[in-house]
Amino acid sequence: MAEAKDLGEIIEASYTFIDHNRSHIPYGKGITDQLAYDYSNRYKLPLRIAVSAFKYLEGLNMTKADYQDKYILDAGSGLGDFKRALKGMGVKAEVVNLDDAKTWGIYNTDVVGKVEALPFADNSFDVAVLNYVFPFVIDETIDPSYAANQLRELIRVTKKGGIIRYRPLRMFDPQVREGSQRVMIEVTKRALEALAEIYQQNPDMKVQITRAIGDDNTYDEILEIVK
Ligand SMILES: C[S@@+](CC[C@H](N)C(=O)[O-])C[C@H]1O[C@@H](n2cnc3c(N)ncnc32)[C@H](O)[C@@H]1O
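Note that the structure is a prediction, hence the values are computed from the model and not measured. (Residues numbered from 1 in each chain as written. Predicted model: local features only at pLDDT ≥ 70, side-chain atom pairs only at ≥ 80, totals over all residues.)

> Talk me through helix 8 (residues 182-201); I want residue IDs and the actual numbers.
In a regular helix each residue adds 1.5 Å, so 20 residues correspond to 28 Å; helix 8 covers 30 Å between its end C-alpha atoms and thus fits that length. By the burial criterion, the buried members of helix 8 are Met184, Val187, Thr188, Ala191, Leu192, Leu195, Ile198 and Tyr199. Each buried residue of helix 8 lies within a common arc of 125 degrees when the element is viewed along its axis, so the set occupies one face. Of the residues in helix 8, the exposed ones pointing more than 90 degrees away from the buried face are Arg182 and Gln201. (Helix = DSSP H or I, 4+ residues; strand = E, 2+ residues; numbered from the N terminus. Expected span 1.5 Å × (residues − 1). Buried ≥ 20, exposed ≤ 12 C-beta atoms within 10 Å, placed from the backbone. Arc of directions from axis to C-beta.)

> How would you sum up the site of the ligand? Please name residues and give values.
Every one of the 17 residues lining the ligand counts as a neighbour, but Gly76, Gly78, Asp100, Thr103 and Asn131 are closest to it. A per-class count over the shell around the ligand returns 4 nonpolar, 6 polar and 7 charged. (Near = placed C-beta within 6 Å. Nonpolar A, V, L, I, M, F, W, Y, C, P; charged D, E, K, R; others polar.)

> Got a sec to walk through the packing of helix 3 (residues 47-56) against helix 5 (residues 81-88)? Specific residues and values, please.
For the pair helix 3 and helix 5, the least separation of the axes is 8 Å and the interaxial angle reads 90 degrees. In this view, helix 3 runs roughly perpendicular relative to helix 5, as classed from their interaxial angle. Where helix 3 approaches helix 5, its residues Arg48, Ile49, Ser52, Ala53 and Tyr56 are matched on the opposing element by Asp81, Phe82, Arg84, Ala85 and Gly88. Taken together, the residues of the contact of helix 3 with helix 5 sort by class into 5 nonpolar, 2 polar and 3 charged. (Axes fitted to C-alpha atoms, helices over the stretch in contact; angles between N-to-C directions. Parallel < 35°, antiparallel > 145°, perpendicular 65-115°, else oblique. Contact = placed C-beta atoms within 7 Å.)

> Provide a residue-level description of the packing of helix 6 (residues 146-157) against helix 8, including the pertinent values.
Helix packing for two helices is described by the angle between their axes and how far apart those axes are. Between helix 6 and helix 8, whose axes approach to 7 Å, the crossing angle comes to 30 degrees. Classified by the angle their axes make, helix 6 and helix 8 are roughly parallel. Between helix 6 and helix 8 lies a crossing of right-handed hand. Residues Tyr146, Ala147, Ala148, Leu151, Arg152 and Ile155 of helix 6 form the contact with helix 8, whose participating residues are Val187, Arg190, Ala191, Glu193, Ala194, Leu195 and Ile198. Residue composition of the contact of helix 6 with helix 8, grouped by class: 10 nonpolar, no polar and 3 charged. (Left-handed = near helix turned anticlockwise from the far one by under 90°.)

This is the structure we're talking about:
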């Protein structure tokens, strides 16, 4: 119980957000475009792939070295641009694109499945990333345990010491939750309870909520875990 309480304290404290010295990134309208152009020029990437490069690097507080030589799960991979971005930047890694294929169909999808029930063995991946994967309609019809189940699964399939990045779109931002629907508060509560429960079994696990640039010219929060 003590460990679970400690985790709660870590998460409470991190509600103030850790900025990771990201002041070198100017904030404001057009910054997404500017960063995408920077990546595009530096790595000679098509613009759409460059957008993905910065989203999964700057946007998830990751570096190329964090991905290099790793076995990576991109949970909710969409069009699979992240996998192409890594290749385009010369990062050697094996990426598994998992998507439920409901939005864009099976397009560069390696495995069709739900993040809430991942078809992978325990301790499979070095890195598991989830970027902007959320129900399009947040209302009383969604399962309020969806985020808890996604986190349980991402942690389960990641090796001990491996990295998890979960970008749930402002779910952990208390200001947004205050004004949001009852269901979102319940989603967050269940996710934090799931984390606390997992933390009790993995006391070495590191959890923090940080702030990073989003793909809509704003900052929002990401959950960073080292299992
Ligand atoms: C907004 S897109 C983001 C795509 C990509 N992660 C990116 O950042 O460019 C969301 C994707 O998540 C997928 N998705 C949504 N909920 C999912 C779930 N529960 N399990 C698997 N895929 C899901 C959708 O099909 C869609 O391709």
